[in-house]
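Per-entry structural report
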2 protein chains.
Amino acid sequence: MNICTYTYEEYLHLVKSFHGSLAPGLIIGGFIVDLALKHLPEGELFDALCETPVCLPDAVQILTPCTIGNGWLTVFDIGRFAVTMYEKKGGQGVRVFLDAKKLGNWPEIRDWYLKRKKKQEQNFERLLAQIKEAGHDLLSVQRVRVEPEKIRRKKLGPVGICPVCGEPYPARDGECCRNCRGESPYTEIADIGTPS
Amino acid sequence: MNICTYTYEEYLHLVKSFHGSLAPGLIIGGFIVDLALKHLPEGELFDALCETPVCLPDAVQILTPCTIGNGWLTVFDIGRFAVTMYEKKGGQGVRVFLDAKKLGNWPEIRDWYLKRKKKQEQNFERLLAQIKEAGHDLLSVQRVRVEPEKIRRKKLGPVGICPVCGEPYPARDGECCRNCRGESPYTEIADIGTPS
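All values derive from a computational prediction rather than experimental measurement.

The helix and strand inventory of chain A stands at seven helices and ten strands. Here the C-alpha atoms of chain A give a radius of gyration of 20 Å, more than 25% beyond the 16 Å that 2.2 N^0.38 yields for 196 residues. Taken as a whole, chain A presents about 9,000 Å² of accessible surface, with 52% of it coming from carbon and sulfur. One finds the centroid of the 26 positive side-chain charges in chain A at a distance of 5 Å from the centroid of its 25 negative side-chain charges.

Listed below in structure tokens is the structure:
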């Protein structure tokens, strides 16, 4: 049993190293990405979309060339456990999702995923064993078309210098940057000088 | 010259392997993350925030335990080239940013970053050489406080089954999932059955 070009054990190792823990959702995510790639024509360039920020983006980033930082992976958070790989220009693609109708055979996965058991009532070993045994059998596949313009991040365009904070920002954001326009995540800020 | 625990050359290798290309912004991002970590007390647990989705999230994911999928890295897109590492609970942290006032010494970096030259007019070798030579000298540091509740993603809470698509979704989203409520990124969708 492989996950893309890795053995199952190699993939678990990568998960632990990148993600920090053996998150069950990320192991299922490996099977999701593997199944999506099996439905794509070889040699074409694909972008990826995750319908949740939870776990799945890491499966895509571990197993494909798509990352958040290079813009080929988008998190479009509509709360479903699904990954879509789609052709960059036309948007034709494949969507793989965890199929609730198939959870019946795997009670430990069902109770974990649908939160029917509290964390301390779950049996982690049994959960991982069922995930490994189930493999692709939890999943279903759809052909989809996405609108790449709706999803992909826009080109930055010209760069301005914000008259308030003095930092470069996308000029399209207006007369000052979004931080200084009131969208700041900071409540306090103080210069501590420079390293040199 | 090191970037966190890697030599400069090792870091470039990781960048190429994870990100797909030697993006200048990601090399600068390595120095940004390195400088931020140098200002943090050792042994505490930190979350990360990138002020742009461009390049910087990959520097954080390569160099720290924070990833998109494990929730310790947030992209809070206000368009500035900055990374903040902050203490998970209290939100005290360090913000490192590319300082426009320091670009004067590095004309190739300045013209690339402020988009004063078209791509074909840029000298990529000289750009990378200046980035390596500049290292931390392009950057400035601030002490900040972020509001973790404003930034970190919310717990999923109870899971429902969407009556329209039949898939699990966060029950807090309402009577059906956000996809079926009109936020779908898809224009076409067709089942193609199951792998088994």
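We now examine the domain arrangement of chain A. Quoted interface sizes are often the accessible area lost when the parts come together. Taken domain by domain, chain A consists of domain 1 (2-151) and domain 2 (155-196). Here the C-alpha centre of domain 2 of chain A lies 35 Å away from the C-alpha centre of domain 1 of chain A.

Residues and elements named next belong to chain A. By the definition in use, this model includes seven aromatic pairs over all chains. Note on tyrosine 8 and phenylalanine 31: the rings are 5.9 Å apart at their centroids and 25° apart in plane angle, and the pair reads as stacked. In this pair, tyrosine 8 sits in helix H1 (residues 8-19) while phenylalanine 31 sits in helix H2 (residues 24-38), placing the two residues 23 residues apart along the sequence. Each member of the pair, tyrosine 8 as well as phenylalanine 31, is classed as buried. In textbook terms, an aromatic cluster arises when at least three aromatic residues are bridged by ring pairs, as seen for Phe81, Trp112 and Tyr113.

This part covers the packing of H1 of chain A against H2 of chain A. All names here are of chain A. At their nearest, the axes of H1 and H2 sit 10 Å apart, and the two run at 125° to each other. If you check the angle between H1 and H2, you find them oblique. Our pair here, H1 against H2, has a crossing hand that is right-handed. Between H1 and H2, the residues in contact are Tyr8, Tyr11, Leu12, Val15 and His19 and Leu26, Ile27, Gly29, Gly30 and Phe31, respectively. Classifying every residue of the contact of H1 with H2 gives seven nonpolar, three polar and no charged.

The next subject is the interface of chain A and chain B. With 74 residues of chain A at the interface, the matching set in chain B holds 74 residues. Inspection of the chain A/chain B interface yields eight salt bridges. Among the salt bridges present, the one from glutamate 188 of chain A reaches arginine 145 of chain B, with a minimum N-O distance of 3.6 Å. Linking chain A to chain B there are 35 residue pairs in polar contact (both at pLDDT 80 or more). Here the element with the most residues in the side of chain A that touches chain B is strand E7 (residues 139-146) of chain A; it accounts for eight residues. As paired elements, strand E10 (residues 186-191) of chain A and strand E7 (residues 139-146) of chain B share five bridges and run antiparallel to each other. In the strand pairing of E7 of chain B, glutamate 188 of chain A is matched with arginine 145 of chain B.

Turning to the sheet that holds strand E6 (residues 92-98) of chain A, a few remarks are in order. Across the sheet, which stays open at both edges, the six strands sit in the order E4(A)-E3(A)-E5(A)-E6(A)-E7(A)-E10(B) with mixed pairing between neighbours. Each end of this open sheet is capped by a strand with a single partner; those strands are strand E4 (73-75) of chain A together with strand E10 (186-191) of chain B. Adjacent strand axes in the sheet meet at a mean angle of 25°, parallel and antiparallel pairs treated alike. Where strand E3 (residues 46-50) of chain A and strand E5 (residues 82-87) of chain A come together, five bridges link them in antiparallel fashion. In the sheet register, leucine 49 of chain A faces E5 of chain A, and the bridge partner there is threonine 84 of chain A.

What follows covers the pattern of salt bridges. Residue and element names in this part refer to chain A. Under the criterion given, the structure shown has 32 salt bridges over all chains. Close ionic contact of arginine 95 with glutamate 51 constitutes a salt bridge, the shortest N to O distance being 2.6 Å. Of this pair, arginine 95 sits in strand E6 while glutamate 51 sits in the loop between E3 and helix H3 (56-63); the two residues are 44 residues apart in sequence, bridging distant segments of the chain. Judged by relative accessible area, arginine 95 falls into the buried class, the value being 0%. The shortest N-O distance in the salt bridge between glutamate 183 and arginine 181 comes to 3.4 Å. Among the residues examined, arginine 181 registers a relative accessible area of 45% and is labelled partly exposed.

Turning our eyes to something else, we now look at the pairing of E7 of chain B. Residue and element names in this part refer to chain B. Within E7, six of the eight residues are buried, which leaves the element mostly enclosed by the surrounding structure. Pairing between strand E6 (residues 92-98) and E7: seven bridges, direction antiparallel. Following the sheet pairing, glutamine 92 is matched in E7 by arginine 145.

Glancing now at the nonpolar core. Buried together is how nonpolar side chains tend to be arranged in soluble globular proteins. Counting residues in hydrophobic clusters, the biggest one holds 98 residues, and the most contacted among them are Ile28, Ile109 and Ile131 of chain A together with Ile28, Ile109 and Ile131 of chain B. Setting aside residues up to four positions removed in sequence, isoleucine 131 of chain B forms contacts with Tyr8, Pro24, Ile27, Ile28, Phe31 and Ile109 of chain B.

This part is about the relation of the copies chain A and chain B. With an RMSD of 0.0 Å, chain A superimposes on chain B once it is rotated by 180° and translated 0.0 Å along the axis. With respect to symmetry, the two chain copies, as superposed, fit the operation of a two-fold axis. The C-alpha atom lying nearest the rotation axis in chain A is that of isoleucine 68 of chain A; the distance is 4.1 Å. Taken together, the interface assignments show that 100% of the residues at the interface of chain A recur at the interface of chain B, consistent with an identical surface on both copies.

Turning our attention to the packing of H2 of chain A against helix H5 (residues 124-134) of chain A. All names here are of chain A. It is the contact of H2 with H5, at a shortest axis distance of 10 Å, that shows an interaxial angle of 5°. The orientation of H2 relative to H5 falls into the category roughly parallel. Across from Pro24, Ile27, Ile28 and Phe31 in H2, the residues of H5 making contact are Phe124, Leu127, Leu128, Ile131 and Lys132. In terms of residue class, the contact of H2 with H5 is built from eight nonpolar, no polar and one charged.

Definitions and cut-offs
- Residues numbered from 1 in each chain as written.
- Chains lettered and ligands numbered in written order.
- Predicted model: local features only at pLDDT ≥ 70, side-chain atom pairs only at ≥ 80, totals over all residues.
- Heavy atoms only, no water.
- Helix = DSSP H or I, 4+ residues; strand = E, 2+ residues; numbered from the N terminus.
- Rg over C-alpha atoms; globule rule 2.2 N^0.38 Å.
- Areas by Shrake-Rupley, 256 points an atom, 1.4 Å probe, with all protein chains shown as cover.
- Lys, Arg positive; Asp, Glu negative; His and termini not counted.
- Charge placed at Lys NZ, Arg CZ, Asp CG, Glu CD.
- Domains from an automatic or database assignment.
- Phe/Tyr/Trp six-rings, centres within 6.5 Å; stacked < 30°, edge-to-face > 60°.
- Buried < 20%, exposed > 50% of the residue type's maximum accessible area, 1.4 Å probe, protein only.
- Axes fitted to C-alpha atoms, helices over the stretch in contact; angles between N-to-C directions.
- Parallel < 35°, antiparallel > 145°, perpendicular 65-115°, else oblique.
- Left-handed = near helix turned anticlockwise from the far one by under 90°.
- Contact = heavy atoms within 4.5 Å.
- Nonpolar A, V, L, I, M, F, W, Y, C, P; charged D, E, K, R; others polar.
- Salt bridge = Lys/Arg side-chain N within 4 Å of Asp/Glu carboxyl O.
- Polar contact = N/O pair within 3.5 Å; in protein donor to acceptor, adjacent residues only side chain to side chain.
- Pairing = 2+ DSSP bridges.
- Core = buried A, V, L, I, M, F, W, Y, C linked by side-chain atoms within 4.5 Å.
- Least-squares fit on C-alpha atoms with pLDDT ≥ 70 in both.

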